[in-house]
Amino acid sequence: MTETHFGFVAVLGAPNAGKSTLVNNLVGAKVSIVSPKVQTTRSRIRGIWIEGNTQIVLVDTPGIFKPSRRLDRAMVAAAWTEAGESDLCLLLVDASKGLEKNTREIISSLKKNGQHAVLVLNKIDIVKKEALLPLIATLNDPDVFSETFLISAKTSENLNDLKHYLINKIPKGTWMFPPDQLSDLPNRLFCAEITREKLFFLLQQELPYMISVETTRFDETKSDIRIEQTIYVERAGQKAIVLGKNGSMIKKIGESARRELSALFEKTVHLFLFVKVKENWGEDPAQYTNWGLDFNA
Ligand SMILES: Nc1nc2c(ncn2[C@@H]2O[C@H](COP(=O)(O)OP(=O)(O)OP(=O)(O)O)[C@@H](O)[C@H]2O)c(=O)[nH]1
Ligand SMILES: [Mg+2]
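Residues numbered from 1 in each chain as written. Chains lettered and ligands numbered in written order. Predicted model: local features only at pLDDT ≥ 70, side-chain atom pairs only at ≥ 80, totals over all residues.

### A word on the packing of helix α6 (residues 187–202) against helix α8 (residues 248–265)
No. 1: Taken N-terminus to C-terminus, the directions of α6 and α8 make an angle of 130 degrees; their axes are 9 Å apart at the nearest point. Relative to α8, α6 is oriented oblique. Handedness of the α6/α8 crossing: right-handed. Of the residues in α8, those in contact with C191, I194, T195, K198, L199 and L202 of α6 are M249, K252, I253, S256, A257, E260 and L261.
No. 2: Of the residues belonging to the contact of α6 with α8, the class tally is 8 nonpolar, 2 polar and 3 charged. (Axes fitted to C-alpha atoms, helices over the stretch in contact; angles between N-to-C directions. Helix = DSSP H or I, 4+ residues; strand = E, 2+ residues; numbered from the N terminus. Parallel < 35°, antiparallel > 145°, perpendicular 65-115°, else oblique. Left-handed = near helix turned anticlockwise from the far one by under 90°. Contact = placed C-beta atoms within 7 Å. Nonpolar A, V, L, I, M, F, W, Y, C, P; charged D, E, K, R; others polar.)

### A closer look at the domain arrangement of the protein chain
No. 1: Parsing the protein chain into structural domains produces domain 1 (5–169) and domain 2 (187–291).
No. 2: Using C-alpha coordinates to define each centre, domain 1 is positioned 27 Å away from domain 2.
No. 3: At the junction of the two partners, domain 1 supplies 12 residues and domain 2 supplies 13 residues.
No. 4: Looking at the side of domain 1 that touches domain 2, its residues break down into 3 nonpolar, 4 polar and 5 charged. (Domains from an automatic or database assignment.)

### Describing the environment of V118
No. 1: Residue placement: V118 occurs in strand β5 (residues 117–122).
No. 2: Among the residues examined, V118 registers 21 C-beta atoms within 10 Å and is labelled buried.
No. 3: Residues V118 and F149, 31 residues apart in the sequence, show an inter-C-alpha distance of 7.8 Å.
No. 4: Apart from residues lying up to four places away in sequence, V118 is in contact with L88, L90, F145, S146, E147 and F149. (Buried ≥ 20, exposed ≤ 12 C-beta atoms within 10 Å, placed from the backbone.)

### Some remarks on the sheet that holds strand β2 (residues 45–51)
No. 1: Strands sit in the order β2-β3-β1-β4-β5-β6 across an open sheet of 6 strands; the sheet is mixed. At either end of the open sheet lies a strand with only one pairing partner, and these are β2 and β6 (145–150). Sheet twist, expressed as the mean angle between neighbouring strand axes with direction ignored, is 25 degrees.
No. 2: The pairing of strand β1 (residues 5–13) with strand β3 (residues 54–60) spans 7 bridges and is parallel. Opposite A10, over in β3, you have V59 as the bridge partner. (Pairing = 2+ DSSP bridges.)

### Brief notes about the pairing of β6
No. 1: When β5 meets β6, the two strands line up parallel, connected through 5 bridges. What sits directly across from A117, in β6, is F145.
No. 2: Tracing the backbone out of β5, into helix α4 (residues 129–139) and back to the parallel element β6 gives a crossover that is right-handed. (Right-handed = clockwise from strand over helix to strand, strands pointing away.)

In structure tokens:
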């Protein structure tokens, strides 16, 4: 038997840094949803990456920012918990944004906690190379960072160097997951995430933040999957927007989610969406338990 290696790598960073994009790229499959808007990821999502005899659990985390609502606090707390419990921690920075306040605050918190991390500047495909050096100089605090990498999670530029570094850092250990498992998210939660991603793309401005999706039924046969989901909004006006004129918006959302789910599961998917007003769903403890978030964070 060859020796196996196993470990956890947490991916931290400000909202929109590209954490979920990086995790999906390394896993080689979509395990976490991605959108151009900030605060897309709401809970920690584990993607499982295998390279030779090494299994690495990549922990995608919600972006870290100054939280205000209860849900925000729970999201940020989840990210920090994962950072403390992993073998290695990556701090992903959107290099095209320069030194963001959120990033600066994450670095001071890491320092305060005595926590080391690997600095990863992302999105170098859209940044002028001359701009990178001064950014590294300002960000790189030797008390916190052991290494610096410049990558593009989207185009995979320079990704091999980071991959080799991570693989070599992972200690010996028994794999925790079977070799064909890609993520630890149960199907019901994953399907809810796919629909939530479509809401992020199709709805304007703040509305996606007022919405939560729950899969209430997931029935799979050899060739088909029947999925029922409830989209929770906070007010009747929001429900009207999600439904759209003559139901045109909900139809678009359902079409787009169904198409992707069919492709991902390689089966015919029948998706039924219901929209319900649930004032203060963000104050409902059950929503948090469902997603593994701490209601009292
Ligand atoms: N050009 C470019 N865009 C990128 C890269 N990585 C991510 N993006 C884009 O940046 C946006 C945010 O990506 P996400 O992966 O959702 O970012 P995140 O850090 O997970 O964001 P939150 O979950 O909101 O904290 C998306 O539009 C991505 O397509 C990259 O290397 N280059
Ligand atoms: Mg994300």
